[in-house]
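# Observations on chain architecture
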Amino acid sequence: MKFKTKAIHAGQHPDHDTGAVIPPIYQTSTYAQPTPGHHQEFEYTRAGNPNFRNLETALAAMEGGQHAVVYSSGLGAETALFSLLSSGDHVVVSSDVYGGTYRLLAQMKSRFGIDFTSVDDLSPEAFGDAATERTKLFWLESPTNPRLQIVDITAVSKRARSQGITTVVDNTFASPYLQNPLALGADVVLHSTTKYVGGHSDLIGGALITSDAALHDRLHFARMAYGLNPSPFDTWLAHRGLKTLALRMEAHCVNAAQVAGYLQKHDRMKIVYYPGLESHPGHAVAKRQMKAFGGMVSAVVDGSSEKLHQHLGSLTCFRLAESLGGVESLVCHPATMTHASLPAEVRKQRGISDTLIRLSVGIEDVEDLLEDLEKFLKKV
Ligand SMILES: *Cc1c(COP(=O)(O)O)cnc(C)c1O
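No experiment lies behind these values; they were computed from the predicted model shown.

With that settled, consider the overall build of the chain. Helix and strand counts for the chain come out as 14 helices and 12 strands. The C-alpha atoms of the chain give 21 Å as radius of gyration, which agrees with the globular expectation for 380 residues (21 Å, within 12%). When the backbone C-alpha atoms are referred to their principal axes, the chain occupies close to 70 × 50 × 35 Å. Put simply, the chain has 380 residues, and 56% of those count as buried. Partitioning the contacts of the chain with sequence separation of at least 6, the portion at a separation of at least 24 is 72%. The centroid of the 35 positive side-chain charges in the chain is displaced by 1 Å from the centroid of its 39 negative side-chain charges.

Spelled out as structure tokens, the structure:
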């Protein structure tokens, strides 16, 4: 089966009792046992639920993995994965990483003695050189957030394998439709299903996908033991969203390419970051490892941060909000919003200037999006 067929059929069977084509929301905390200790797969929803299982089956199929575990949020999934580390372990992370990931790593370092090194140069050599004999994980995003840099997943994973290190790819920005890190050699894929998988900005969820059965067991245990489970309703919604992922991503990519092209020619723009632009340094690698270039566009505006502050809320199609990946367009100011938890000097190091904006380009008519941006850019 191919991607769009799997998205609709994997993990989706008519309900046994009623024949309902869409499995119901199993809004239950517990399950009746005919005799003590005997149950029909499920015993308590923190440990498992049919809606979790259905979404896991679908996500594993979408990523080409054997197993998936769903969590309360993307950060819930990260917590599960990091909980497998011990004091003294070390992580190498791409520097342009999600703010919440950085915050979690910083907490683990100061409180639990789990150290990390961020690499600015996203080459496999830089990852390899930053590794020590205590390094357990290479953690990367591609495209990165917010500057949309591209990491060569094949090369980094190969380097990791040669040093006995596990590679984790946060695939949230690309979605399983555009990029499948396991096929490129990574060991674990992470999603904030809050974003493109859900696709409608109406749920919070996360997932980990792997083909390593032993690792899967530990990740499943972590969900149960640390209480990192999602709700049945949120997983049901995420599964519903997943069915239209391919169609939505195609529309996001077409619109984002137009927005990036428009911004690149605009005289109020200093830099436009979009991996689909030929001028983007990661363009060739993106072309090789992604099906298309995604729905995110970032740009440094040639204007004052005061003017940006004054007018960012005045866009009408692009709502000023954190998050991304929904059908509606969003604009975000990373320095004061998604990346505000980073120390100012770290932001500066990473090129997250006060005039950087990040667009999650939605699937509206692109003419309306361009008009909205044009009006805004006139004001700043
Ligand atoms: C949003 C996001 C996360 C965290 O996910 P939540 O569902 O908000 O906890 C992690 N990584 C990336 C790239 C994200 O965009």
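Now that the structure has been shown, the text picks up again.
L59, W139, L263 and L359 are the most contacted members of the largest nonpolar core, which has 96 residues in total. When residues are assigned to domains, this core turns out to be shared by domain 1 (3–242) and domain 2 (245–379), each giving three or more. Counting 17 residues, the second largest nonpolar core, distinct from the first, contains V119, V151, V156 and L184.

Each aromatic ring pair is described using two quantities: the centre-to-centre distance and the angle formed by the ring planes. Evaluated as defined, the whole model comprises 6 aromatic pairs. Centre to centre, the rings of F82 and W139 are 4.6 Å apart; their planes meet at 25°, and the pair counts as stacked. Residue F82 is found in helix 3 (residues 74–82), and its partner W139 is found in strand 4 (residues 135–141); the two are separated by 57 residues along the sequence. Each of the two residues, F82 as well as W139, counts as buried. Arranged with centres 5.4 Å apart and planes meeting at 55°, the rings of F127 and F138 form a pair that is tilted. Taken as a pair, F127 in helix 5 (residues 124–130) and F138 in strand 4 lie far apart in primary sequence, 11 residues in all. With respect to burial, F127 and F138 carry one shared label: buried. Above the plane of the ring of F3 lies K291, whose end atom (NZ or CZ) is 5.7 Å from the centre. Lying over the aromatic face of Y102, R350 brings its terminal NZ or CZ to 5.0 Å of the ring centre.

Of all 5 residues making up strand 6 (residues 188–192), 5 are buried, and the element is well covered by its neighbours. Every second residue of strand 6 is oriented toward a common face, with V188, L190 and S192 on one face and V189 and H191 on the other, all of them buried. In terms of strand pairing, strand 5 (residues 166–170) meets strand 6 through 3 bridges, oriented parallel. Of the residues in strand 6, the one forming a bridge with V169 is V189.

Further remarks concern empty space enclosed by the protein. This structure, assessed with the given rule, holds 2 cavities of 30 Å³ or more. Approximately 50 Å³ is the volume found for the largest cavity. Around the largest cavity sit L55, V70, Y71, T193, L203, I204, G205, G206, P230, D234, T235 and A238, which together line it. Considering every element that reaches the lining of the largest cavity, the biggest residue donor is helix 9 (residues 232–242), with 3 residues. Considering only residue class, the lining of the largest cavity consists of 7 nonpolar, 4 polar and 1 charged. Every residue lining the second largest cavity is listed: P143, L148, F173, Y196, P275, F293, G294, G295 and M296. Residue composition of the lining of the second largest cavity, by class: 7 nonpolar, 2 polar and no charged.

We now examine the sheet that holds strand 11 (residues 330–332). What links the strands of a sheet is backbone hydrogen bonding, and the strands pair in either a parallel or an antiparallel sense. Taking strand neighbours across the sheet as the criterion, the 5 strands line up as 8-9-12-11-10 in an open arrangement whose pairing is mixed. The outermost strands of the open sheet, each flanked by one partner alone, are strand 8 (269–273) and strand 10 (319–320). As judged from the 5 bridges shared by strand 9 (residues 296–301) and strand 12 (residues 356–360), these two strands associate in the antiparallel manner. Bridging across to strand 12, S298 finds its partner in R358.

As a measure of interface size, the accessible area lost when the parts come together is often cited. Once the domains are mapped, the chain shows domain 1 (3–242) and domain 2 (245–379). Computed from C-alpha coordinates alone, the two centres of domain 1 and domain 2 are separated by 25 Å. Taken together, the contact pairs 38 residues of domain 1 with 42 residues of domain 2. Together domain 1 and domain 2 conceal approximately 3400 Å² of surface at their shared face, both sides included; 60% is due to carbon and sulfur atoms. Together, R147, L178 and Y196 form the three largest contributors to the area buried by domain 1 at its contact with domain 2, with a combined 23%. Applying the counting rule to domain 1 against domain 2 returns 2 salt bridges.

So, how was this worked out
- Residues numbered from 1 in each chain as written.
- Predicted model: local features only at pLDDT ≥ 70, side-chain atom pairs only at ≥ 80, totals over all residues.
- Heavy atoms only, no water.
- Helix = DSSP H or I, 4+ residues; strand = E, 2+ residues; numbered from the N terminus.
- Rg over C-alpha atoms; globule rule 2.2 N^0.38 Å.
- Buried < 20%, exposed > 50% of the residue type's maximum accessible area, 1.4 Å probe, protein only.
- Contact = heavy atoms within 4.5 Å.
- Lys, Arg positive; Asp, Glu negative; His and termini not counted.
- Charge placed at Lys NZ, Arg CZ, Asp CG, Glu CD.
- Core = buried A, V, L, I, M, F, W, Y, C linked by side-chain atoms within 4.5 Å.
- Domains from an automatic or database assignment.
- Phe/Tyr/Trp six-rings, centres within 6.5 Å; stacked < 30°, edge-to-face > 60°.
- Lys NZ or Arg CZ within 6 Å of the ring centre and 35° of its normal.
- Pairing = 2+ DSSP bridges.
- 1 Å grid on protein atoms, 1.4 Å probe; cavity = no way out; pocket = protein on both sides within 12 Å on 5 of 7 lines; lining within 4 Å.
- Points joined across faces, edges and corners; volume = space filled by probe spheres on them.
- Nonpolar A, V, L, I, M, F, W, Y, C, P; charged D, E, K, R; others polar.
- Buried area = accessible area lost by both parts, 1.4 Å probe.
- Salt bridge = Lys/Arg side-chain N within 4 Å of Asp/Glu carboxyl O.

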